[in-house]
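# Breakdown of the fold
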Amino acid sequence: MLDFLSRPFDQVAQEPFADPPDLLTQILLGLRLDGVEYGRCVLHPPWAIAFPAQRSARFHFVGHGGAWLRTPTTDWQRLNPGDAVLLPHGSFHVLASSPDVPPVDIDSLARKAVSENIYLVDGRDANNAHLGAPVAPPPPQAPDVMFCGALRFNLDPLHPLMAMMPEVMMAGDLARRDTTVPVLLDAMEREVEQDRMGACAILARLADALAASIIRAWVECSCNNPTGWIAAVRCPRIGKLIAAIHADPERDWNVPLLADLMGASRSSFSESFTRTMGESPARYVAKVKMSQARSWIARDGMRVAVAANRLGYESEASFSRAYKRIIGHPPSTARAQ
C-alpha cells in the first residue's frame, strides 16, 4: 500500500523506532500520483463547465483570466491567475466565468489530442449557446485559460489518508506552509504565458509535483490535531502498530498481539487506540485487510477464495460478508471495477 509499509513485519518490529516526524515523512514519500489525463482549456466568456463525480482526483490551474468554483457543499469561490485547486475525491463541481452562467458537461466539449493523455479544449460551446435560443454575441473578451487534470493516487480510496482529505484543497491556502507551492505555481504560470512547444507536457509534470506538495502541506497543517490517523502515525507507540498492520495485513492482528507489541495491557491499548484513531483496533485491521483484498482482486485478478484464505477467513462466505460490510459491495464487484 505504501513503500515504507511494504517491508516484512519482523524488520519493522525489530528496528529502533525513529522520531515521529521521520515516520510520517517516510509515509509521504510513498505517495504517488499517476496522470490520467490533462487538458489546456481556452474558454471564451461567458462559459461554465460541469465536472461529474469520478474516482480520480481533479486538478485545476488558472493560467489567464479567472474562474469561479462551486461544489455541492461549498459556495462560489474565486480563482485568479496563478491559483490552483485540488479535489482529491473527484467530487462533482462547476467552473464558470460567472456564477450565473448555466453549465455544460465537460465531456460535451470538443477536444484535440496533443499527445498521449494530453489534449486541448476550445470552449466556445461552454456558454449560453447550448440553451438552443439565439444568443447575441458578447463583446470581445480575452479568453480564460485553464489547465485541468485528472490524477489517480496510488492509495486505495479506503486508506485513512485519502479518507481524511477535504473535498477541496486550495493551493493558496497552503502556500504559506510550503515554499515549494508558490514556486511551482510561478513555474506553471510562466509555461502558460510563454505558450512554448511542449508546454502541455511540462504543465502535466508540474501539476503532479504541485498536487503532491499540496497534500504534503495539508498533512503538515493537520498534524496539530491530537486525534486522527495522522496523529496516530506520529505517536511513537501507536504509529509502530499502524506500520506493522499495513506491512503484514495477512497476519491475525488480534488485540492481545497488538497490546503486547505496544507493551500495554489489553484494556489500556484498546482505549488508547480508539481514542486516538476514532475507531476500534478490530475495525481498523478489518479495513486494512479489505483494502488489500480489493487491490488483489481488482489489480491482480486474484480469486475471491484465495484472497479469503490469505487473509485468514475460515470461508469465502464469511470473507464476502466482511468485505461487503467494510467496502459496501461484494468482492466480485472489485474485479469489474
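Everything numeric in this text was worked out from a predicted model, so none of it was measured.

## A look at the overall build of the protein
For the protein, the count of helices and strands is 14 helices and twelve strands. Looking at the protein residue by residue over its 337 residues, the buried ones come to 49%. Within the protein, counting contacts between residues at least 6 apart in sequence, those at least 24 apart form 72% of the total. Just so you have it, the protein exposes about 15,900 Å², and 52% of that area is on carbon and sulfur atoms.

## Looking at the nonpolar core
The biggest cluster of nonpolar side chains holds 58 residues, and the ones touching the most others in it are Phe59, Leu86, Phe147, Met188 and Leu210. Here this core takes twelve residues from helix α6 (residues 199-222), the largest share from any one element. Those residues in contact with phenylalanine 59 that lie beyond four places of it in its chain are Ala84, Val85, Leu86, Phe147, Cys148, Gly149, Leu151, Met188, Ala207, Leu210 and Ile214. Residues Trp47, Leu79, Leu87 and Ile106 belong to the second largest nonpolar core, which totals 21 residues.

## Here we look at the confidence of the model for the protein
Across the protein, the average pLDDT comes to 81, with 82% of residues at 70 or higher. Taken together, the stretch residues 1-23 has pLDDT below 50 and engages in 41 contacts with residues farther than four places along the chain or on a different chain. Scored below 50 in pLDDT, residues 128-135 shows nine contacts in the model against residues more than four places distant or in partner chains.

## Some remarks on the pattern of salt bridges
Pairing between side chains of opposite charge can happen when the charged atoms of each approach one another. Counted under the stated rule, the structure contains five salt bridges. With its nearest N and O atoms 3.4 Å apart, the salt bridge here joins arginine 111 to glutamate 37. Placement of the pair is arginine 111 in strand β9 (residues 111-115) and glutamate 37 in strand β1 (residues 33-43), with a sequence separation of 74 residues. Taking the relative accessible area as the measure of exposure, glutamate 37 reaches 25% and is therefore partly exposed. As a salt-bridge pair, arginine 310 and glutamate 250 come within 2.7 Å of each other at their nearest N and O atoms. On the criterion of sequence distance, the pair formed by arginine 310 in helix α12 (residues 304-310) and glutamate 250 in the loop between α8 (236-247) and α9 (255-262) is long-range, its members being 60 residues apart.

## Things to note about the state of the cysteines
Following the criterion strictly, the structure yields zero disulfides and no others. Just so you know, cysteine 148 is unpaired, no disulfide at all, and the nearest cysteine sulfur is the one on cysteine 41, 4.0 Å from it. Note on cysteine 148: relative accessible area 6%, which makes it buried.

## A short note on the side chain of arginine 40
With respect to the helices and strands, the residue arginine 40 is situated in strand β1. Ignoring sequence-local partners within four residues, the contact set of arginine 40 consists of Tyr119, Leu120, Val121, Val145, Met146, Phe147, Val192, Asp195 and Cys200.

## Points about the packing of aromatic side chains
For the structure shown, the criterion picks out five aromatic pairs. On the basis of an interplanar angle of 15° and a centroid distance of 5.7 Å, the ring pair of tyrosine 38 and phenylalanine 147 is categorised as stacked. Placement of tyrosine 38 in strand β1 and of phenylalanine 147 in strand β11 (residues 144-153) is noted, with a sequence separation of 109 residues between them. Note on phenylalanine 147: relative accessible area 2%, which makes it buried. When the centroid spacing of 5.5 Å and the interplanar angle of 70° are considered together, the rings of tyrosine 313 and phenylalanine 319 count as edge-to-face.

## Focus on the sheet that holds strand β2 (residues 48-51)
Pairing within the open sheet is mixed, and its five strands lie in the order β5-β4-β7-β2-β8. Only two strands of the sheet have a single partner each, and these edge strands are β5 (74-79) and β8 (104-105). Where β2 meets β8, two bridges bridge the pair, whose relative direction is parallel. Note on β8: the bridge partner recorded for isoleucine 49 is valine 104.

## Quick word on the environment of proline 81
By secondary structure assignment, the location of proline 81 is in the loop between β5 and β6 (84-87). Given the relative accessible area of 40%, proline 81 is considered partly exposed. What proline 81 contacts, discounting residues up to four positions off in sequence, is Val62, Gly63, His64, Gly65 and Glu189.

## Points about α8
Compared with an ideal rise of 1.5 Å per residue, which puts twelve residues at 16 Å, α8 spans 17 Å between its outermost C-alpha atoms and is within 8% of the ideal. Most of α8 sits out of view: nine of its twelve residues are buried.

## Points about the packing of helix α11 (residues 281-300) against helix α13 (residues 316-327)
Relative orientation of the contacting elements α11 and α13 amounts to 100°, with a least axis distance of 10 Å. Classified by the angle their axes make, α11 and α13 are roughly perpendicular. Listed contacts from α13 to Arg283, Ala286, Lys287, Met290, Ala293 and Arg294 of α11 are Phe319, Ala322, Tyr323, Ile326 and Ile327. Class assignment of the residues belonging to the contact of α11 with α13 gives a composition of eight nonpolar, no polar and three charged.

## Let's talk about the packing of α8 against α9
Across the interface, α8 lies against α9 with an axial gap of 9 Å and an inter-helix angle of 130°. The angle between the axes of α8 and α9 places the two elements in the oblique class. The element α8 and its partner α9 pack so that their crossing is right-handed. Across the interface between the two elements, Arg237, Ile238, Lys240, Leu241, Ala244 and Ile245 of α8 pack against Leu258, Leu261 and Met262 of α9.

Scoring rules and cut-offs
- Residues numbered from 1 in each chain as written.
- Predicted model: local features only at pLDDT ≥ 70, side-chain atom pairs only at ≥ 80, totals over all residues.
- Heavy atoms only, no water.
- Helix = DSSP H or I, 4+ residues; strand = E, 2+ residues; numbered from the N terminus.
- Buried < 20%, exposed > 50% of the residue type's maximum accessible area, 1.4 Å probe, protein only.
- Contact = heavy atoms within 4.5 Å.
- Areas by Shrake-Rupley, 256 points an atom, 1.4 Å probe, with all protein chains shown as cover.
- Core = buried A, V, L, I, M, F, W, Y, C linked by side-chain atoms within 4.5 Å.
- pLDDT = per-residue confidence, 0-100.
- Salt bridge = Lys/Arg side-chain N within 4 Å of Asp/Glu carboxyl O.
- Disulfide = S-S within 2.5 Å.
- Phe/Tyr/Trp six-rings, centres within 6.5 Å; stacked < 30°, edge-to-face > 60°.
- Pairing = 2+ DSSP bridges.
- Expected span 1.5 Å × (residues − 1).
- Axes fitted to C-alpha atoms, helices over the stretch in contact; angles between N-to-C directions.
- Parallel < 35°, antiparallel > 145°, perpendicular 65-115°, else oblique.
- Nonpolar A, V, L, I, M, F, W, Y, C, P; charged D, E, K, R; others polar.
- Left-handed = near helix turned anticlockwise from the far one by under 90°.

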